[in-house]
2 protein chains.
Amino acid sequence: MKVDVECAPCLLYRGYRELSKATDDMETRFEVMEALLKLEQSEFGPEAVPAVLGTKRDRLIKVMTGVADPYQQDKKRSNSYALMLYPGLRERVLSKGGGWGSFSEAVRLSILGNSIEMDVLDHNFSPEDISRLVEPLPLGIDTSKEIFELAKKSKSVLFICDNAGEIVFDRILVERIKELGARCTVAVKGGPVLNDATLLDAHEAGLDEVADEIITTGSDSVGVFLEDSSEKFREVFEDSGLVVAKGMGNYETLTEESLSVPVAHLLLAKCDPVARSIGVKRGEGAASIRVPTIR
Amino acid sequence: MKVDVECAPCLLYRGYRELSKATDDMETRFEVMEALLKLEQSEFGPEAVPAVLGTKRDRLIKVMTGVADPYQQDKKRSNSYALMLYPGLRERVLSKGGGWGSFSEAVRLSILGNSIEMDVLDHNFSPEDISRLVEPLPLGIDTSKEIFELAKKSKSVLFICDNAGEIVFDRILVERIKELGARCTVAVKGGPVLNDATLLDAHEAGLDEVADEIITTGSDSVGVFLEDSSEKFREVFEDSGLVVAKGMGNYETLTEESLSVPVAHLLLAKCDPVARSIGVKRGEGAASIRVPTIR
């Protein structure tokens, strides 16, 4: 997905928020902001990809402030709040009777969990808000039945996670995928970026108890670019009958790839450019699937 | 007032919003956004003044889109909604019994009217929200008694307006200043900038019926810089016993001037940098006065 005009202030706003978490030193903040403006000025244009600019921005902030993980505390709190909700949400999913009933409920909850994202312009969310996330969102696009059928006939499914906290909601969906008989590999980020889940979060959320294997993308980029990922990740990706990709970052990057496997995007549209691109309204959820035309 | 780090995304966000009002053409929007990034990249730093960057941004948008007044409709609606509230608000002020009672109530309403501003990051306001503006705000700083005493002993007062719609609220305060016996000159912008009031708005709001004279600053800059203003404006400014300056833009610029007359700032702090600078919390009002130490 390419940037829209409004991505320019949003990318900078998020940079400011990250920077404020990383350092209190005003001189450093100004230096980093000036560097961010320089970066954006040199790279912003109709062909830019928001996740690429975001990745460069985040690496710059980490290097210039010396803080490797500005969202460390937010992630920890997100996981711990979400885990408090886990038993009740899982029970709700199981009460739908297994198979399609439980699967579709788990898809909706997983999309709802994608609300857990900090510092997006006009999308206010803090870990404390997680307890509000008990009512499923309306879905502007819902191809979950197709996703269900694909998961059912796949030997192996790759589940690419997005944010900490959200992965507790994902765990319930991973359990459903396992129930359908597929091997399920869960991928998290190879290094800290935004409030995205890393290996530490996957273990905190208990994903290691349900997934067949936890791997990383091998990169700290926003979303996931195949050429930027580890060989292991690429292999698992290509060998999957279905890839489930959570969130906006993975949507922004994977829509730039020419894919040979079906990819299901589960996300909450938190900004207009992504909403327009995927075809829903801002604030709506989407369960969308892209199937390669040539296999 | 100098910029804070967070002014960088805010200045760009407002540029995006103005640009969206000015043109639907995506190619032009991208071209202008790239020019805005270039402008900000070259001028942003600890010594920059937000209103200066804002002025350059707004002129650039006007020139590149060919739209002289992107906020024309918003201003018209703001005036017309505010005029519907005018009789009730005026009655409330008059019921305080004239003199100090009425004056202090009028100051509070005038500050409340400063809410009427569009497209400030994290300050959502549209003309339709004006009807909510009936309850005075808490003031974090309140030197209105001092302002009252100064107005009482001044032969002439200059009242520098900020936004359209807001000027209807200001009208009630101008009436109170007149009641104290001072000549009152009202100044509006010399050309369209943001949703700031111009001569057209001053007439729509009926300010010409209460002020002794309506002048303009002679400039379309955000806030008011003396050297950028008309000779007439500078003369009136220097000859006043009291200058009342509404809003954040006038605060940002006049705090950069070395003044020979007392200036009262009446504003609602809609962002943290201004709130910190003047000494209130964001979302609070301020009635602050700066009196020159050397006269």
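Residues numbered from 1 in each chain as written. Chains lettered and ligands numbered in written order. Predicted model: local features only at pLDDT ≥ 70, side-chain atom pairs only at ≥ 80, totals over all residues. Heavy atoms only, no water.

### Points about the environment of A:L53
Residues and elements named next belong to chain A.
Item 1. Turning to its location among the elements, L53 is positioned in helix α3 (residues 50–65).
Item 2. Look at L53 and you get buried, because its relative accessible area is 5%.
Item 3. In this structure, the C-alpha to C-alpha distance between L53 and D122, residues 69 residues apart in sequence, is 19 Å.
Item 4. When neighbours within four sequence positions are excluded, L53 is seen to be in contact with V3, L11, L39, E43, F44 and A48. (Helix = DSSP H or I, 4+ residues; strand = E, 2+ residues; numbered from the N terminus. Buried < 20%, exposed > 50% of the residue type's maximum accessible area, 1.4 Å probe, protein only. Contact = heavy atoms within 4.5 Å.)

### Focus: the pairing of strand β4 (residues 213–216) of chain B
Item 1. One ladder, built from 4 bridges, connects strand β3 (residues 183–188) of chain B with β4(B); its direction is parallel. If you follow B:T185 over to β4(B), its bridge partner there is B:E213. (Pairing = 2+ DSSP bridges.)

### Quick notes on the pattern of salt bridges
Between side chains of opposite charge, a pair can form when the charged atoms approach closely.
All names here are of chain B.
Item 1. Summed over the entire model, instances satisfying the criterion amount to 62 salt bridges over all chains.
Item 2. Residue K246 pairs with E166 through a salt bridge whose shortest N-O separation is 2.7 Å. Within this pair, whereas K246 is found in strand β5 (residues 242–246), its partner E166 is found in helix α7 (residues 166–179), the two being separated by 80 residues in sequence.
Item 3. For K246, a relative accessible area of 0% gives the class buried. (Salt bridge = Lys/Arg side-chain N within 4 Å of Asp/Glu carboxyl O.)

### Concerning the side chain of B:S102
Item 1. Of note, B:S102 is situated in helix α5 (residues 99–113).
Item 2. Those residues in contact with B:S102, other than ones at most four positions away along the chain, are B:V93, B:L94, B:K96, B:G97 and B:R176.

### Points about the interface of chain A and chain B
Item 1. The partner chain B presents 24 residues to the 24 residues of chain A that form the contact.
Item 2. Summing both sides of the interface, chain A and chain B together bury roughly 2200 Å²; the carbon and sulfur share of this comes to 79%.
Item 3. The interface formed by chain A and chain B holds 2 residue pairs in polar contact (both at pLDDT 80 or more) in total.
Item 4. Among the secondary structure elements, those contributing two or more residues to the side of chain A that touches chain B are α1 (7–22) and α2 (26–43) of chain A.
Item 5. Per element, the largest residue contribution to the side of chain A that touches chain B is 9 residues, and it comes from α2(A).
Item 6. Residues of the side of chain A that touches chain B, tallied by class, amount to 15 nonpolar, 2 polar and 7 charged. (Buried area = accessible area lost by both parts, 1.4 Å probe. Polar contact = N/O pair within 3.5 Å; in protein donor to acceptor, adjacent residues only side chain to side chain. Nonpolar A, V, L, I, M, F, W, Y, C, P; charged D, E, K, R; others polar.)

### Things to note about the side chain of B:S221
All names here are of chain B.
Item 1. If you trace the backbone, S221 turns up in the loop between β4 and α9 (231–238).
Item 2. Given a relative accessible area of 3%, S221 falls into the buried group.
Item 3. Polar side-chain contacts of S221 include one of 3.3 Å to the backbone oxygen of G223.
Item 4. Those residues in contact with S221 that lie beyond four places of it in its chain are T55, R59, K189, V193 and D228.

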